[in-house]
Amino acid sequence: MRGMRRTAGLLVLGLVGLGSAWACGSQEPKPEGPSAKHREGRSEVLRGLMASKERVDPGALKAAGEEAKATPVSVQPTPEGTGGSGRPEAQGWAAGRVSWVGDDEVLFVDGHGKEREVRVEEGTQLRRDDQNAELRDLTEGDEIRVTYQDTGEGWLARDLEAMPARKAPEPDPNSPPLR
């Protein structure tokens, strides 16, 4: 009797196993292990960890630094580079308040009280209140921030961002006088 129960139990387990294998067989097989992208990410992390554990001899670094100081450097004129957009790299920036707007230039007073002039050309990106704008949209008193390239003949604007002039707060007639 016991043997028969055992055989029946094994038979039931076998049928359950076959049924589940059949049900799982209808799905596409999943690839084993991590994806290539996942493995690549892990490799990059491991490379970074190994690089951070490398030991460098301080004496060798110091000797290399002294050697570099002793080597004369020849300065050659560098060709005009680009910032990735095909436009020349901007050389500086300035901010101030617009005092005059012309057809292709803006005159503004910077934070040091010095009057500056910047030329605007077709490739210049103009923005006002986080919207694309045109030069005629600027008005006297607007606050601007400009990135420019110094061409030797003056500043050429690459990006010009404007904010409308802020009005000075009006004094409150009901406030007590200061003593």
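Just so you know, these numbers come straight off a predicted model, no measurement behind them.

J.: Please clarify how the pattern of salt bridges should be interpreted in this entry.
T.: Here the idea is simple: oppositely charged side chains can pair when their charged atoms come close. Enumeration over the complete set of coordinates arrives at 5 salt bridges. Of the charged contacts in the structure, one is a salt bridge between E121 and R158, with a shortest N-O distance of 3.4 Å. Taken together, the residues span a long stretch of sequence, with E121 in the loop between strand 3 (115–119) and strand 4 (125–128) and R158 in strand 7 (residues 155–163) at a distance of 37 residues. Residue classification places E121 among the partly exposed residues on the basis of a relative accessible area of 36%. Notably, a salt bridge pairs R136 with E134, separated by 2.8 Å at the nearest N-O pair. Judged by its relative accessible area of 67%, R136 falls in the exposed class. Accessibility expressed as a relative area gives 39% for E134, which makes it partly exposed.

J.: Would you take a moment to explain a negative patch on the surface for this structure?
T.: Taken together, D103, D104, E115 and E117 make up a surface patch of like negative charges. Tracing the backbone shows D104 in the loop between strand 1 (92–101) and strand 2 (105–110). Relative accessible area serves as the criterion here: at 38%, D104 is assigned to the partly exposed category.

Scoring rules and cut-offs
- Residues numbered from 1 in each chain as written.
- Predicted model: local features only at pLDDT ≥ 70, side-chain atom pairs only at ≥ 80, totals over all residues.
- Heavy atoms only, no water.
- Salt bridge = Lys/Arg side-chain N within 4 Å of Asp/Glu carboxyl O.
- Helix = DSSP H or I, 4+ residues; strand = E, 2+ residues; numbered from the N terminus.
- Buried < 20%, exposed > 50% of the residue type's maximum accessible area, 1.4 Å probe, protein only.
- Patch = residues over 30% accessible without salt bridge, like charges linked within 9 Å, V, L, I, M, F, W, Y side chains within 5 Å.
- Areas by Shrake-Rupley, 256 points an atom, 1.4 Å probe, with all protein chains shown as cover.
- Lys, Arg positive; Asp, Glu negative; His and termini not counted.
- Charge placed at Lys NZ, Arg CZ, Asp CG, Glu CD.

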